[in-house]
Amino acid sequence: MKNAHYLYLVLSLVGGSITFYYVYEGMMLNNGKFDVIDFVQSTWTTNPYAKSLSCDFWTGAITGTFFILVEGLRIKIKYLYLYLLATVLIGFAFAFPLFLFARHRQLA
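On a predicted model such as this, the values are computed, not experimentally measured, just so you know. (Residues numbered from 1 in each chain as written. Predicted model: local features only at pLDDT ≥ 70, side-chain atom pairs only at ≥ 80, totals over all residues. Heavy atoms only, no water.)

### Examining helix α3 (residues 48–74)
Taking 1.5 Å per residue as the helical rise, α3 with its 27 residues ought to reach 39 Å, and the 38 Å between its terminal C-alpha atoms agrees with that figure. Against α4 (80–89) and α5 (92–107) lie the buried residues of α3. Phi turns positive one or two residues past the end of α3, at Lys76, with a value near 60 degrees. (Helix = DSSP H or I, 4+ residues; strand = E, 2+ residues; numbered from the N terminus. Expected span 1.5 Å × (residues − 1). Contact = heavy atoms within 4.5 Å.)

Spelled out as structure tokens, the structure:
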């Protein structure tokens, strides 16, 4: 696909927007405060289906973050550290498609 990199860019914007929305909603429930420990612990509920989704996400996010690092160094993507920071500070659903957008353009 000639313009596939634009799909990655759209997915990055969608992923970042949805992530931001739910973090904002959680902060409003906690009087405007963001607690990292509470955020991570909230993914481990007693519901086995939710645990399945949490394990799926964490496995994919960790693997994807290593891919960003290894592939970014391999093809010498500029400002690689920004994708890693975006993964931690914004969300994997934003950073990974954004990295794929940059990777696709670099390889074209």
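### Some thoughts on the pattern of salt bridges
Scanning the entire structure with this criterion turns up 2 salt bridges. One salt bridge connects Glu71 with Arg74, and the closest N-O pair in it is separated by 2.7 Å. Taken as a pair, Glu71 and Arg74 lie in helix α3 at a separation of 3 residues, close to a single helical turn. A salt bridge links Arg103 to Glu71; its shortest N-O distance comes to 2.9 Å. Note that Arg103 is positioned in helix α5 and Glu71 in helix α3, a separation of 32 residues in sequence. Classification of Arg103 by relative accessible area gives partly exposed; the value is 23%. Residue classification places Glu71 among the buried residues on the basis of a relative accessible area of 8%. (Salt bridge = Lys/Arg side-chain N within 4 Å of Asp/Glu carboxyl O. Buried < 20%, exposed > 50% of the residue type's maximum accessible area, 1.4 Å probe, protein only.)

### As for α4
For α4, the full list of buried residues reads Leu80, Tyr83, Ala86 and Thr87. In an axial view of α4, the angular spread of the buried residues amounts to 120 degrees, which keeps them on one side of the axis. The outward face of α4, more than 90 degrees from its buried face, is lined by the exposed residues Val88 and Leu89. Looking at the buried side of α4, the elements it contacts are α3 and α5. Positive phi shows up at Gly91, right after α4, with a value of about 155 degrees. (Arc of directions from axis to C-beta.)

### Regarding the layout of surface pockets
Counted as a void, the largest pocket has a volume near 1200 Å³. Those elements that place two or more of their residues in the lining of the largest pocket are α1 (4–29), α2 (36–41), α3, α4 and α5. Counting residues per element, the lining of the largest pocket draws most heavily on α1, at 11 residues. Along the lines of polarity and charge, the residues of the lining of the largest pocket split into 21 nonpolar, 10 polar and 3 charged. (1 Å grid on protein atoms, 1.4 Å probe; cavity = no way out; pocket = protein on both sides within 12 Å on 5 of 7 lines; lining within 4 Å. Points joined across faces, edges and corners; volume = space filled by probe spheres on them. Nonpolar A, V, L, I, M, F, W, Y, C, P; charged D, E, K, R; others polar.)

### As for the environment of Ala61
You can see Ala61 is positioned in helix α3. On the basis of relative accessibility, which here comes to 7%, the residue Ala61 falls in the buried class. Once the C-alpha coordinates of Ala61 and Asn3 are considered, the two residues, 58 residues apart in sequence, prove to be 25 Å apart.

### Some thoughts on the side chain of His5
Within the secondary structure layout, His5 lies in helix α1. Among residues more than four places away in sequence, those in contact with His5 are Phe101, His104 and Arg105.

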